[in-house]
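Summary of the model geometry
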Amino acid sequence: MKGVWFLLLIISLTFAKEPQPTEKSVVERKLVSTKVSIGSILKESHKYCESTAATKQFENPSLIFVTPWNNHGYDVAKIFSKKFDFVSPTWYSISTIRDEATGGAGLRLIGAQDVDQGWITDVRNANGGNGPKIVPRFNLEEFPKEWLFAIAGDENAHQQFIQLIIAEVQKQGYDGIVFEMGYMGMRGNEEQEDHLIHLFSEIGKILHKLKLTFIMVQPAERGGSGLFTAKDIARLGDDVDYYSLMTYDFAPNRVGPNSPLPWVEKAISSLITPESRKYSHKIMLGIPFYGYTWDEQGKNAEAVLATTFFDLVKQSKSTLTWDEKSHEHFLKYDGGQRTVYYPTLQFIADRLKLAEELGVGVCVWESGQGFDYFWDLF
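Residues numbered from 1 in each chain as written. Predicted model: local features only at pLDDT ≥ 70, side-chain atom pairs only at ≥ 80, totals over all residues. Heavy atoms only, no water.

What about the nonpolar core?
Core analysis: the largest hydrophobic core is formed by 95 residues, its most contacted members being Phe 161, Phe 179, Ile 287 and Phe 378. Per-element tally for this core: the top contributor is helix α7 (residues 190-209), with 7 residues. For Phe 378, the residues in contact, after removing those within four places along its chain, are Thr 55, Lys 56, Gln 57, Phe 58, Lys 83, Ile 287, Phe 289, Ile 348, Leu 352, Val 362 and Val 364. The next biggest cluster of nonpolar side chains, apart from the first, holds 21 residues, and it includes Trp 69, Val 217, Met 284 and Trp 294. (Core = buried A, V, L, I, M, F, W, Y, C linked by side-chain atoms within 4.5 Å. Buried < 20%, exposed > 50% of the residue type's maximum accessible area, 1.4 Å probe, protein only. Helix = DSSP H or I, 4+ residues; strand = E, 2+ residues; numbered from the N terminus. Contact = heavy atoms within 4.5 Å.)

Written as structure tokens, this is what we have:
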């Protein structure tokens, strides 16, 4: 989902300025605008409204991801805990292992060493308690697509797969899970698709019997075809609670917007058809808190987080330009030799508005990558 810029995340652990509470929100400070000054970013981006920090502005369901390589996200989850319905630490991955004795294959769960029960307690109890549900992500890492199809098609194997997850959920006392399988998609032959639908339905049914939440991460459609479709939502029905849709990384290999609004709307609308409409409230529009920078040839792309963007605008003598078509800001720098697209308050406000209009929720990748004043809008 985000491996392209993993290294950048590792080295971007410290914010340019510490979070600072202030009396007025970004709306009251008149900062939500297509005309953004560099001075306002430098002066205001670390300030959040103290009086609304524990108030949910966005009424539909919301989910944030927290990564172990970006510590600021852990603080965000505590400061703004009342703004989120779900917090998903990305602690776990499931990989395959080979049994040298038998020559067979097995499964291995990785990530338990990152679990922080103290932080979980803090998030649940912050701002007077009744905090968000903790739903860690379980990601299939280095997991051959063929193996997933084989597990899905074998009743014993897929029960073992499910129990590997359930055992950890019960051990740690989680409120559910987020399940991600990257860009494998659900498109095999018809029999394989049936097996996968059955596997995902079984995961949901077992979690629901335990009164736990099941969220799936899914890719957004591109070029008129989707790895995940309205038909899949209809078939999974009530067995999946929410779908975290990756409406970002639109075209990271060329200069341009990361999450152009027309494409976001098209991607979500493609999942809302007569057969799936009754489940459309389960969709979560993905909002990225990162951007990209490229050279003038559209090459040498690098991911940009708030820390990097802060330094860029601090050194730049240029102004931010609003792209009316994509509803994103960009900045030319290094004498016009490089271009950076990075989220702004208007970028976020427009996507929250779209989510409200479509009747869907939102999910943020990821909580530690953006400016603190972004959260005033949630």
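Moving on from the model shown.
Quick word on the sheet that holds strand β3 (residues 62-66)
Pairing is mixed in the open sheet, where 11 strands are placed in the order β6-β5-β8-β9-β10-β11-β12-β18-β3-β4-β7. Of all strands in the sheet, those bounded by a partner on one side alone are β6 (105-110) and β7 (133-134). Sheet strands in contact with α7 are β9 (176-180) and β10 (213-219), and its direction is about 150° off that of β10. (Pairing = 2+ DSSP bridges. Axes fitted to C-alpha atoms, helices over the stretch in contact; angles between N-to-C directions.)

Brief notes about the pairing of β9
Walk down a regular strand and you will see the side chains alternate between the two sheet faces. By the criterion of burial, β9 is predominantly enclosed, with 5 of the 5 residues buried. Of the two faces of β9, the one holding Gly 176, Val 178 and Glu 180 and the one holding Ile 177 and Phe 179 are both buried throughout. Alignment of strand β8 (residues 137-140) against β9, held across 3 bridges, turns out to be parallel. Paired with Arg 137 across the bridge in β9 is Val 178. Relative to β10, β9 runs parallel, the two being bridged by 4 bridges. Bridging across to β10, Val 178 finds its partner in Ile 215.

Considering helix α6 (residues 155-172)
Taking 1.5 Å of rise per residue, 18 residues should cover 26 Å, and α6 covers 26 Å from first to last C-alpha, within 8% of that figure. With a side-chain oxygen positioned 3.0 Å from the backbone nitrogen of Asn 156, the residue opening α6 is Asp 154. Note on α6: the residue one or two positions beyond its end, Gly 173, has a positive phi of about 75°. (Expected span 1.5 Å × (residues − 1). Polar contact = N/O pair within 3.5 Å; in protein donor to acceptor, adjacent residues only side chain to side chain.)

Some thoughts on the packing of helix α3 (residues 72-79) against helix α4 (residues 117-125)
The interhelical angle for the contact between α3 and α4, taken along N-to-C directions, is 30°, at an axis separation of 7 Å. The angle between α3 and α4 places the two elements in the roughly parallel class. Along the contact surface, α3 presents Tyr 74, Ala 77 and Lys 78, while α4 presents Trp 119, Asp 122 and Val 123. By residue class, the composition of the contact of α3 with α4 is 4 nonpolar, no polar and 2 charged. (Parallel < 35°, antiparallel > 145°, perpendicular 65-115°, else oblique. Nonpolar A, V, L, I, M, F, W, Y, C, P; charged D, E, K, R; others polar.)

Side note on the packing of helix α9 (residues 261-269) against helix α11 (residues 345-358)
Their axes nearest at 11 Å, the elements α9 and α11 cross at an angle of 25°. In terms of orientation, α9 and α11 fall into the roughly parallel class. Regarding α9 and α11, the two cross each other, and that crossing is right-handed. On α11, the residues touching Leu 261, Val 264, Glu 265, Ile 268 and Ser 269 of α9 are Asp 350, Arg 351, Leu 354 and Leu 358. (Left-handed = near helix turned anticlockwise from the far one by under 90°.)

As for the confidence of the model for the protein
Detailed conclusions should not be drawn from predicted coordinates in areas where pLDDT is low. Here the protein averages 91 in pLDDT, and 91% of its residues register 70 or above. Predicted confidence for residues 1-14 stays below pLDDT 50, and this span has 33 contacts to residues more than four positions away or in other chains. (pLDDT = per-residue confidence, 0-100.)

Quick notes on the packing of aromatic side chains
Here the structure, examined in full by the defined rule, presents 30 aromatic pairs. Ring geometry for Tyr 92 and Tyr 174: centres 6.2 Å apart, planes at 75°, overall edge-to-face. Taken together, the positions of Tyr 92 in strand β5 (residues 92-98) and Tyr 174 in the loop between α6 and β9 put the pair 82 residues apart, joining distant regions of the chain. Taking the relative accessible area as the measure of exposure, Tyr 174 reaches 4% and is therefore buried. Between the aromatic rings of Phe 250 and Trp 263, the centroid separation amounts to 5.0 Å while the plane-to-plane angle is 50°, which identifies the pairing as tilted. On the criterion of sequence distance, the pair formed by Phe 250 in the loop between β11 (242-246) and α9 and Trp 263 in helix α9 is long-range, its members being 13 residues apart. Residue classification places Trp 263 among the buried residues on the basis of a relative accessible area of 8%. Each member of the aromatic cluster is reached from another via a ring pair, and the members are Tyr 48, Phe 80, Phe 84, Phe 289, Phe 309, Tyr 342, Phe 371, Tyr 373, Phe 374, Trp 375 and Phe 378. Over the face of the ring belonging to Phe 347 we find Arg 351, whose NZ or CZ atom lies 3.7 Å from the ring centre. (Phe/Tyr/Trp six-rings, centres within 6.5 Å; stacked < 30°, edge-to-face > 60°. Lys NZ or Arg CZ within 6 Å of the ring centre and 35° of its normal.)

Comments concerning the sheet that holds strand β16 (residues 328-333)
Strand order across the open sheet formed by 5 strands is β14-β13-β17-β16-β15, with antiparallel pairing between neighbours. Every other strand in the sheet has two partners, leaving β14 (302-304) and β15 (321-323) as the edge strands with one partner each. On average, each strand axis in the sheet is tilted by 30° relative to the strand beside it, whichever way the strands run. With 4 bridges connecting them, strand β13 (residues 291-295) and strand β17 (residues 338-341) associate as antiparallel partners. When the bridges of β17 are listed, Asp 295 appears paired with Arg 338.

Here we look at the pairing of strand β4 (residues 86-89)
Burial along β4 is two-sided: Phe 86 and Ser 88 facing one way and Val 87 and Pro 89 facing the other are all buried. As paired strands, β3 and β4 are joined by 4 bridges and run parallel to one another. Each residue of the ladder has a partner; that of Leu 63, found in β4, is Phe 86. Read as a crossover between parallel neighbours, the route from β3 over α3 to β4 is right-handed. Examined bridge by bridge, β4 and β7 share 2 bridges and lie parallel to one another. Following the sheet pairing, Phe 86 is matched in β7 by Lys 133. (Right-handed = clockwise from strand over helix to strand, strands pointing away.)

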